[in-house]
Amino acid sequence: MSQQENIHQHPFSITKELRQALHGHKSYILWFTGLSGSGKSTIANMVEGRMYAMGISTYILDGDNLRNGLNEDLGFSSDDRKENIRRIGEVSKIFVDSGIVVLATFISPYASDREEVRKKVQQDEFIEIYVKCPVEACEKRDPKGLYKKARNGEITHFTGVSDPYEEPGNPEILIETNHYTIEECVQQVMKYLKDNGL
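The rules behind the values
- Residues numbered from 1 in each chain as written.
- Predicted model: local features only at pLDDT ≥ 70, side-chain atom pairs only at ≥ 80, totals over all residues.
- Heavy atoms only, no water.
- Helix = DSSP H or I, 4+ residues; strand = E, 2+ residues; numbered from the N terminus.
- Expected span 1.5 Å × (residues − 1).
- Buried < 20%, exposed > 50% of the residue type's maximum accessible area, 1.4 Å probe, protein only.
- Arc of directions from axis to C-beta.
- Contact = heavy atoms within 4.5 Å.
- Salt bridge = Lys/Arg side-chain N within 4 Å of Asp/Glu carboxyl O.

Novice: I'm lost on helix 8 (residues 182–195) in this one. Help?
Specialist: Residues lying three or four places apart along an α-helix face the same way, a consequence of the helix completing one turn every 3.6 residues. Helix length check: helix 8, at 14 residues, gives a terminal C-alpha distance of 20 Å against a target of 20 Å (1.5 Å per residue), a fit within 8%. Among the residues making up helix 8, those that are buried are Cys185, Val186, Val189, Met190 and Leu193. Buried residues along helix 8 cover an arc of 135 degrees about the axis, so they all sit on one side. Of the exposed residues in helix 8, the ones pointing more than 90 degrees away from its buried face are Lys191, Lys194 and Asp195. Check the buried side of helix 8 and you find it contacts strand 1 (29–33), helix 2 (40–53), strand 4 (126–132) and strand 5 (173–176).

If you want it as structure tokens, here you go:
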């Protein structure tokens, strides 16, 4: 007998719609994907600041931060990366149900994993933001010194060096951080949200 057969979903009276009404706005996922050093966390941090100033309830889920807690048991193999994104997808879904806008900043190199997160919520509740930057530019920035370690063989399974990154085919927002300033990138996200009534 499957363990799932003994689990029953309990219905609660306060719905996502009621929570959204309490917050005064819709809830959704802003999913920032891109190579290490592309600017995902920096942009998300500034976008959250703008949203906070507008009275929007938000929370950032950051890859490094969650690997210090929820995902501290995971490595960087393809299976562990898949499980990392699966867990974050479930947490993100909970935030959306709570009526909060979640900003998720994860390399999330595999298109299929990002698509699985998209399937967890309604069609308009997952906004994929591709923070595009050539690996050469990311490596030049190398804010955490990770590319240097990867090139020296100190880090294995490093996206962009020894592991692949599957670019989004049709993201809702495409940000090219090697062509635009951080401020211009933030404005691009905010314009999308405004134009789409979010």
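Novice: Looking at this model, I keep getting lost on the pattern of salt bridges. Mind explaining?
Specialist: Two side chains of opposite charge can pair, provided their charged atoms sit close to one another. Inspection of every chain in the model, using the stated rule, returns 14 salt bridges. Note that Glu90 and Lys120 form a salt bridge whose closest N and O atoms lie 2.7 Å from each other. With Glu90 in helix 4 (residues 78–97) and Lys120 in the loop between helix 5 (111–119) and strand 4, this residue pair connects regions lying 30 residues apart in the sequence. Here Lys120 falls in the partly exposed class, since its relative accessible area comes to 22%. Each of Arg114, Glu115, Arg118, Glu128 and Glu172 takes part in a single network of salt bridges with overlapping partners.

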